[in-house]
Each structure stands twice: as C-alpha cells, then as structure tokens.
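The residues making up each chain are set out below.
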Amino acid sequence: MCDLINGRTPFVIATEINTIKHQVGKIFLQSTIEIGSRLKEARELLQYGEWAKWLEESVSYSQKTAERMIRVFEEYGPKQLESSDAQSPTVDAQAQGWPDLNFTQALILLGVPEEVRGEFIAELDMDNITTRELQKKVTDWKLAQEERDQARQENIGLRNVVDEQANQITHLTKANDNLRTKSEELSESNRALEQDTEKKQAELEKVKNRASYKTVEKMSKRLTEVYNKAVANKVAFLYENLEKTFKELMWEMKELAAKEPETHDMFKKNVIDFLMKSLKENVYTENEQA
C-alpha cells in the first residue's frame with residue numbers, strides 16, 4: 001500500500017527494468033564494437049591458419065563469435081564510434097545520424113542491408129518497439145524484398161521473351177523480303193526471256209516473208225540457239241536461287257530444331273516428302289522422254 005502511495009507500481013518497476021536492460025544493451029553494443037575493431041586488427045596481423053588458435057588461447061572466443069563481433073563492428077562501428085567521440089556531450093547518437101540501438105536490436109537489423117538500413121530504421125519507433133516486433137518487421141521486409149526480386153526476375157524473363165519474339169519477327173520479315181525480292185527477280189527474268197523470244201519470233205516472221213529458204217533456215221537456227229541459251233541462263237538462274245534457298249532452308253531448319261523440335265519434325269517430313277516426290281516425278285519424266 002505504501003509503494004502505491006509513493007508511485008511504486010508494477011508498471012513503473014517494469015519500465016525501470018526495461019530501461020536498464022536497454023541501457024545495458026547499448027553498453028554491450030558499444031563494447032562489442034570496440035572488441036570487434038580489435039579482433040579485426042588482430043586477424044589482419046596473424047598468419048594464415050593462426051586465427052582460430054589465437055582466439056581460443058588468447059581471448060577464449062570461438063571463431064563464430066569473433067566473426068560476429070567483427071561484423072557488428074564493420075556494420076555499426078564507424079558511425080557509433082563517431083557518435084561516442086562527439087565533442088559536445090549534449091549531442092547524442094540520434095543527432096549524429098545514428099539510431100539509439102541496443103545490442104539485440106543491432107543484431108536483428110543485420111538482416112537488413114546497410115544501404116537501406118537507415119531508411120528502414122527511420123520508419124520505426126526504436127525506443128518503444130519490442131524485440132519480437134522488430135524481428136517481425138525485419139522478417140516481413142525480407143519476404144517483401146524476395147517478392148520484389150522474384151517479380152523483377154519475372155519481368156526480366158518476360159522482357160527476354162518479348163525481345164526474342166521481336167528478333168524472330170525481324171528475322172522472318174527479312175526472310176520474307178528476300179523471298180519477295182527473289183520472286184521479283186525471277187519474274188523480271190521471265191519477262192525479259194519472253195520479250196526476247198517474241199522479238200526473235202517477229203524477226204523470223206519478217207525474214208520468212210522476204211528471204212530465201214537458206215536465209216530462213218539460218219535465222220531459224222540462230223533463233224533456236226538464242227532460245228536454248230536463254231533457257232540455259234534461266235535454268236542456271238533458277239538453280240543458283242534454288243541452291244541458295246535450299247541452304248537457307250537447312251539453316252532455318254537447324255535453328256528451328258533447337259527451339260521448336262516438334263515443329264521442326266513436321267516441316268522436316270514435309271521437306272523430305274517434297275524432295276522425294278520431285279525426284280520421282282523428274283525420273284519418271286526422263287524415262288518417258290527416253
């Protein structure tokens with residue numbers, strides 16, 4: 001009853017205990033930073049393979065504990081030491097841009113990368129947040145970060161697919177333009193051949209009307225030679241384009257086999273059937289002519 005009159009309630013006592021715990025945690029964090037600094041210095045001076053032995057014999061630390069202290073120093077040391085070395089005693093860690101953390105909070109916050117840790121801490125009430133709440137905040141942040149990373153990777157994958165499709169469309173468009181150009185060249189060649197044949201035929205008709213038999217026969221022979229030469233040129237042109245087209249077809253089939261095996265098999269069968277049918281028809285025609 002007397003404690004209640006004097007203001008000593010369980011709530012007040014709990015507040016005092018938690019305050020003391022927080023102060024102890026800050027002192028422990030500062031001590032850990034100081035020790036971590038010296039552990040890092042010693043590690044750099046020791047020869048390779050001497051680190052674990054030195055820890056056990058000289059300071060009774062396991063390598064895991066020592067590495068954790070060094071990490072605490074590397075993550076928090078520079079700012080914390082700057083705050084503790086501030087010339088004005090009224091300037092606290094918050095004013096120096098350093099949050100008022102205890103050791104447990106500092107360990108939990110190692111789960112947040114240094115480049116975003118300050119922004120993460122700024123959104124929290126570090127004076128009143130519990131250890132469990134802080135741990136949950138860090139865990140939730142990690143999960144959200146993983147989801148963002150996954151979404152970013154999916155977006156990258158989608159962009160790669162879109163770029164690949166765009167490349168394929170560009171390639172097909174170029175191939176289609178090449179085929180159109182070849183078709184136009186072939187059509188132009190046919191027109192030139194037809195015009196030349198018509199011209200020679202007209203010349204022959206004129207000669208027939210005014211020349212002797214020998215002259216007509218000579219012109220007819222000449223016309224036949226010109227026609228045969230034109231046909232040979234046409235065949236050579238068609239063969240050259242056929243060979244080039246066949247090579248392009250084989251290259252495209254190879255590319256298709258790597259990307260779409262099922263579609264490749266379908267077109268492969270069609271190509272083989274076409275070649276066999278063409279070869280069979282050609283052989284049959286030659287036998288008939290023989």
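Residues numbered from 1 in each chain as written. Predicted model: local features only at pLDDT ≥ 70, side-chain atom pairs only at ≥ 80, totals over all residues. Heavy atoms only, no water.

Novice: Summarise unusual backbone geometry; cite the residues concerned and give the values.
Specialist: Positioned with a positive phi, Ser60 is a non-glycine residue whose angle comes to about 60 degrees. Examined against the element boundaries, Ser60 turns out to sit in the loop between helix H3 (51–59) and helix H4 (63–84). (Helix = DSSP H or I, 4+ residues; strand = E, 2+ residues; numbered from the N terminus.)

Novice: Help me get a handle on the pattern of salt bridges, residues and values and all.
Specialist: Two side chains that carry opposite charge are able to pair once their charged atoms sit near each other. Applying the stated criterion across every chain yields a total of eight salt bridges. A salt bridge links Glu75 to Arg71; its shortest N-O distance comes to 4.0 Å. Of the two residues, Glu75 and Arg71 are both situated in helix H4; the distance of four residues between them amounts to about one turn of the helix. A relative accessible area of 18% places Glu75 in the buried class. Using a relative accessible area of 38% as the deciding quantity, one classes Arg71 as partly exposed. Two residues, Asp140 and Lys136, come together in a salt bridge whose shortest N-O distance is 2.9 Å. Highlighted residues: Asp140 and Lys136, both in helix H7 (residues 131–210), separated by four residues, approximately one helical turn. By relative accessible area, Asp140 is classed as partly exposed at 35%. Taking relative accessible area as the criterion, Lys136 reaches 52% and is therefore assigned exposed. Here the salt bridges do not stand alone but share partners, grouping Arg71, Glu75 and Arg117 into one network. (Salt bridge = Lys/Arg side-chain N within 4 Å of Asp/Glu carboxyl O. Buried < 20%, exposed > 50% of the residue type's maximum accessible area, 1.4 Å probe, protein only.)

Novice: Please provide a residue-by-residue account of the nonpolar core, values included.
Specialist: The tendency in soluble globular proteins is for nonpolar side chains to be buried side by side. Within the largest apolar cluster, 20 residues are counted, with the highest numbers of intra-cluster contacts made by Tyr76, Leu109, Met126 and Leu134. Elements supplying a minimum of two residues to this core: helix H2 (10–45), H4, helix H5 (103–109), helix H6 (114–122) and H7. Counting residues in each nonpolar core, the second largest holds six residues, with Leu39, Ala66, Met69 and Ile70 among its members. (Core = buried A, V, L, I, M, F, W, Y, C linked by side-chain atoms within 4.5 Å.)

Novice: Describe in detail empty space enclosed by the protein, supporting the description with residues and values.
Specialist: Unoccupied space between atoms shows up once a probe the size of one water molecule is rolled over them. In the structure shown here, the tally under the stated rule is two cavities of 30 Å³ or more. Estimates place the volume of the second largest cavity at around 40 Å³. What lines the second largest cavity is simply Leu193, Asp196, Thr197, Lys200, Leu223, Val226, Tyr227 and Ala230. Listed by contribution, the elements that provide at least two residues to the lining of the second largest cavity are H7 and helix H8 (213–259). Tallied by class, the residues present in the lining of the second largest cavity amount to five nonpolar, one polar and two charged. (1 Å grid on protein atoms, 1.4 Å probe; cavity = no way out; pocket = protein on both sides within 12 Å on 5 of 7 lines; lining within 4 Å. Points joined across faces, edges and corners; volume = space filled by probe spheres on them. Nonpolar A, V, L, I, M, F, W, Y, C, P; charged D, E, K, R; others polar.)

Novice: Can you explain the packing of H2 against H3? Please cite residues and give values.
Specialist: A packed helix pair is summarised by two numbers, namely the angle formed by the two axes and the spacing between the axes. At a minimum axis distance of 10 Å, the contact between H2 and H3 shows a crossing angle of 130 degrees. In terms of orientation, H2 and H3 fall into the oblique class. Crossing handedness for the pair H2 and H3: right-handed. Two secondary-structure elements touch here, H2 through Leu39, Ala42 and Arg43 and H3 through Trp51, Trp54 and Leu55. Here the residues of the contact of H2 with H3 are counted per class, giving five nonpolar, no polar and one charged. (Axes fitted to C-alpha atoms, helices over the stretch in contact; angles between N-to-C directions. Parallel < 35°, antiparallel > 145°, perpendicular 65-115°, else oblique. Left-handed = near helix turned anticlockwise from the far one by under 90°. Contact = heavy atoms within 4.5 Å.)

Novice: With reference to specific residues and values, describe the packing of aromatic side chains.
Specialist: The geometry of an aromatic ring pair is captured by two quantities: the separation of the ring centres and the angle between the planes. Taken as a whole, this structure holds three aromatic pairs when the rule is applied. Centroid distance Trp51 to Trp54: 6.0 Å. Interplanar angle 15 degrees. Geometry classified as stacked. Taken as a pair, Trp51 and Trp54 lie in helix H3 at a separation of three residues, close to a single helical turn. Residue Trp51 is classed as buried on the basis of its relative accessible area, which comes to 9%. With a centroid separation of 6.4 Å and an interplanar angle of 75 degrees, the aromatic rings of Phe120 and Trp141 are classed as edge-to-face. Placement of the pair is Phe120 in helix H6 and Trp141 in helix H7, with a sequence separation of 21 residues. Of the two residues examined, Phe120 and Trp141, each falls in the buried class. (Phe/Tyr/Trp six-rings, centres within 6.5 Å; stacked < 30°, edge-to-face > 60°.)

Novice: Explain the side chain of Thr32 to me, using residue names and the numbers behind them.
Specialist: The residue Thr32 is located in helix H2 in this model. Residues contacting Thr32, with those up to four places away along its chain left out, are Met69, Val72 and Phe103.

Novice: Tell me what's going on with the confidence of the model for the protein chain, and back it up with residues and numbers.
Specialist: Overall, the prediction assigns the protein chain a mean pLDDT of 77, with 82% of residues at 70 or greater. H3 holds the highest mean pLDDT among the elements of the protein chain, 93, whereas helix H1 (residues 2–5) holds the lowest, 50. Throughout residues 86–98 the model reports pLDDT below 50, and contacts reaching past four residues in sequence, or to other chains, amount to 13 contacts. (pLDDT = per-residue confidence, 0-100.)

Novice: Break down a nonpolar patch on the surface for me, citing the residues and quoting the values.
Specialist: Taken together, Phe246, Leu249, Met250, Phe274 and Leu275 make up a surface patch of nonpolar side chains, about 440 Å² in accessible area. Residue assignment for the nonpolar patch shows that the elements contributing at least two residues are H8 and helix H9 (261–289). As for its placement among the helices and strands, Phe274 is situated in helix H9. (Patch = residues over 30% accessible without salt bridge, like charges linked within 9 Å, V, L, I, M, F, W, Y side chains within 5 Å. Areas by Shrake-Rupley, 256 points an atom, 1.4 Å probe, with all protein chains shown as cover.)

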